[in-house]
Amino acid sequence: MFKKICTGLLILLGLIVLAAGAVYAAYWRAALAPVDPPPPSSFSAQAIAEGRILAGIGNCSACHTVKGGAAYAGGRGLATPFGAIHATNITPDPQTGIGRWSLAAFQRAMREGVARNGEHLFPVFPYTHFALASDADIAALYAYFMTRPAVVAVTPPNTVPFPLNQRALQAGWKLLFFKPGSLPRNTAQGTDWHRGRYLAEGLAHCAACHTPRNALGAERTVAAYQGAAIDNWYAPPLTAANTAPLPWSRDELYAFLRTGATALHGVAAGPMSEVVHEGMDASPDADIRALAAYFADLARPRDANEPAVDTASVIKASLARSQKVGMVDNDRGASLYVAACASCHSNSDGQPALLRPELSLNSAVSAPDPSNLIQVILHGVGKDEGLPGALMPAFAHALSDADIVQLAAYLRRSRSHRPAWTGLEATVARVRAGK
Ligand code: HEC
Ligand code: HEC
Ligand code: HEC
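Draft legend 1. Looking closely at the overall build of the protein. If you tally the helices and strands in the protein, you get 19 helices and six strands. Dimensions along the principal axes, computed over C-alpha positions, put the protein at roughly 75 × 70 × 50 Å. In the protein, which comprises 435 residues, the share counted as buried stands at 46%. Taken as a whole, the protein presents about 21800 Å² of accessible surface, with 62% of it coming from carbon and sulfur. If the 37 positive side-chain charges of the protein are averaged to one point and the 32 negative ones to another, these points end up 7 Å apart.

Draft legend 2. Seen up close, the site of ligand 2. In the vicinity of ligand 2, 23 residues are found, and the nearest of them are Cys206, Cys209, His210, Ala269 and Met272. Interatomic distance of 2.8 Å between a backbone N/O atom of valine 267 and an oxygen atom of ligand 2. Looking at the shell around ligand 2, the elements that each hand over two or more residues are helix 9 (207-210), strand 4 (233-235), helix 10 (250-259) and helix 11 (270-279). The class makeup of the residues in the shell around ligand 2 is 19 nonpolar, four polar and no charged.

Draft legend 3. Structural view of a nonpolar patch on the surface. A surface patch of nonpolar side chains, amounting to about 440 Å² of accessible area, comprises Phe82, Leu164, Leu169, Leu176 and Leu216. The topology assignment puts leucine 176 in helix 7 (residues 170-177). On the basis of relative accessible area, leucine 176 is assigned to the partly exposed category, the value being 49%.

Draft legend 4. Broad picture of the pairing of strand 2 (residues 83-86). Inspection of the sheet shows strand 1 (residues 77-80) paired to strand 2 by four bridges, in the antiparallel sense. Each residue of the ladder has a partner; that of threonine 80, found in strand 2, is glycine 83. The antiparallel hairpin formed by strand 1 and strand 2 contains two residues in its connecting segment.

Criteria and cut-off values
Residues numbered from 1 in each chain as written. Chains lettered and ligands numbered in written order. Predicted model: local features only at pLDDT ≥ 70, side-chain atom pairs only at ≥ 80, totals over all residues. Heavy atoms only, no water. Helix = DSSP H or I, 4+ residues; strand = E, 2+ residues; numbered from the N terminus. Buried < 20%, exposed > 50% of the residue type's maximum accessible area, 1.4 Å probe, protein only. Areas by Shrake-Rupley, 256 points an atom, 1.4 Å probe, with all protein chains shown as cover. Lys, Arg positive; Asp, Glu negative; His and termini not counted. Charge placed at Lys NZ, Arg CZ, Asp CG, Glu CD. Near = heavy atom within 4 Å. Polar contact = N/O pair within 3.5 Å; in protein donor to acceptor, adjacent residues only side chain to side chain. Nonpolar A, V, L, I, M, F, W, Y, C, P; charged D, E, K, R; others polar. Patch = residues over 30% accessible without salt bridge, like charges linked within 9 Å, V, L, I, M, F, W, Y side chains within 5 Å. Salt bridge = Lys/Arg side-chain N within 4 Å of Asp/Glu carboxyl O. Pairing = 2+ DSSP bridges.

See below:
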C-alpha cells in the first residue's frame, strides 16, 4: 500500500517537473545580439515627435523617472505585494540603459515582456497592455527613447525575495495570465470609440490601476474597470458601478482628462494627476476625445430601462443638501468643516464651481473607499495637480487623525447617500503613514 502511494507520488512529481520544464521551454527566449547605438540622425523628426506623444500616453515617465531625477534614467521602486521592483534606465546609455538594444529587442520587450538578454520581465512593467501597440507606434517610441540624452544610472536591485525573484518563474505567470491578442472590430461602434479602445487597452494601460488584481498580481479581467486600491489611493470604477452622483458623460470625461478637473465631479489628484498632466498633456485633442468616447460607453448603464439622470435636478438637490447642514451642536465633524473647509468649498450662489469643488457632487466623497478624500485632506492638491494653478492647502499638520476621521464621516453623512465608511481610523493612519 505504502509502496503504491510512493510510486504514485513519484509519478505525480515527475509529471509536475515535466510540465514545468515544458512551460519553461515554451517561454524560453534567446538573447538578442547587442547593436551599436543607432545615431540620432537615423530617426525621422516625425517618428520622434510621435514617440514623444505616445510616451506621454504610456505614462512611461511616471515609473521610469525618479521625482526630481534625470528623465527616464529609472530607479523608482514600485511597491508590489512581493517587494519593490525598480523601473530600469531606458535612456540610450550603452552600459546601463537600452543603448545597445535593437528595434527588435525593444519591440519584444513591449510585446512579450522579455529583456534583450532573454530574461522575463515582471508584469509591473505593463507589457500585458503595451503588447497591443502597433508596429508603427512601437517604432516611434523606439525613435523617441533612442534620441533622449543618455544617462549613466545603474538600476538598484529589487527586494522581491527568493524564489519569487526568479525570472524563469514568470514563464508560469505568462502561461496563466498573459493572453496576447488583438482587439476585434466592434461593428456597433465608430472610429472614435475604436481609437479610444486602442489607446486605453494598449499604451495608456488605464486598467493597470482601475482593475482589481488577483493574489498573483494579474488583472482580474472578469472585474475589468471595477475600481481598485493603488498606492494608498483608490482608482474608482470606470463602469456603471461608479458612484459619483452624476454620470461620467463624454463631455465630463473629456474635460477631466484634458484639464484635470470638472465642476461636476472633482479633480484628478495623486497618480491620476500624473496620468493627465505628465502623460496626456502632449496628446492631441482627437485622442482625448476618443478616450472619452470609449469610457463614456463603458460607464453607460447596461440596463436599457434605467431612467436617464436629470443633471439639473441632481445638482439642485445636492447643493440644497450641502447648504442645509451647517454647524450642529456637539458635532465635531461639522465644526471642523465650517472652520477649515467652508470658506473655500461652499457654493452659496447655487452653482457648482470649478475652483470650489462641490463636495456633494465630488467623487472622493461618494466613493466606496475613503482613501482619496483622506489623501486630499492630508496633502491638499498641489498647484500642478488637478486644475493647474488651483491650490488646496494640506491639513496634515493642522488636523489630527481623530479630526480627519470626524470630518470624513461628517462629509460622507451630509453630502452623499452612500453608507457610512467603516474602518476610517485605520485608513487615516495608513494613508498618513504612506504604507
Ligand atoms: C507602471 C510602471 C511602468 C510604466 C508605466 C512603464 N514601465 Fe517600463 N518598466 C517598468 C519596470 C518596473 C520595469 C522593469 C521590470 C523588470 O525588472 O522585470 C520596466 C522595464 C522596461 C523595459 C525593459 C528595460 C530593461 O532594461 O530590461 C523597457 C524597454 C520599458 N520598460 C519601456 C517602457 C516604455 C517605453 C514605457 C511607456 C510606453 C514604459 N516602460 C512604461 C515599469 C513601467
Ligand atoms: C497610475 C494609476 C492610474 C492610471 C494608469 C489611470 N488612472 Fe484614472 N485614476 C487613478 C486614481 C488613483 C484616481 C482617483 C484620483 C482622484 O481622486 O483624484 C483616478 C481617477 C480617474 C477618474 C475619475 C473617476 C471618479 O469617479 O472620480 C477617471 C474618469 C479616470 N481615472 C480615468 C482614467 C483613464 C481614462 C485612464 C487611462 C487613460 C486612467 N484613468 C489611468 C489612477 C490611475
Ligand atoms: C483655500 C481654499 C481651500 C480650503 C480651505 C479647502 N479646500 Fe478643498 N479644494 C480647494 C481647491 C481650489 C480644490 C481644487 C484643486 C484643483 O483643482 O487643483 C479643492 C479640492 C478638494 C477636493 C476634491 C478632491 C477630488 O479628488 O476631487 C476635496 C474632496 C476637498 N477639496 C476637500 C476639502 C476639505 C475636506 C477641506 C477642509 C479640511 C478643504 N477641502 C479645504 C480649495 C480649498
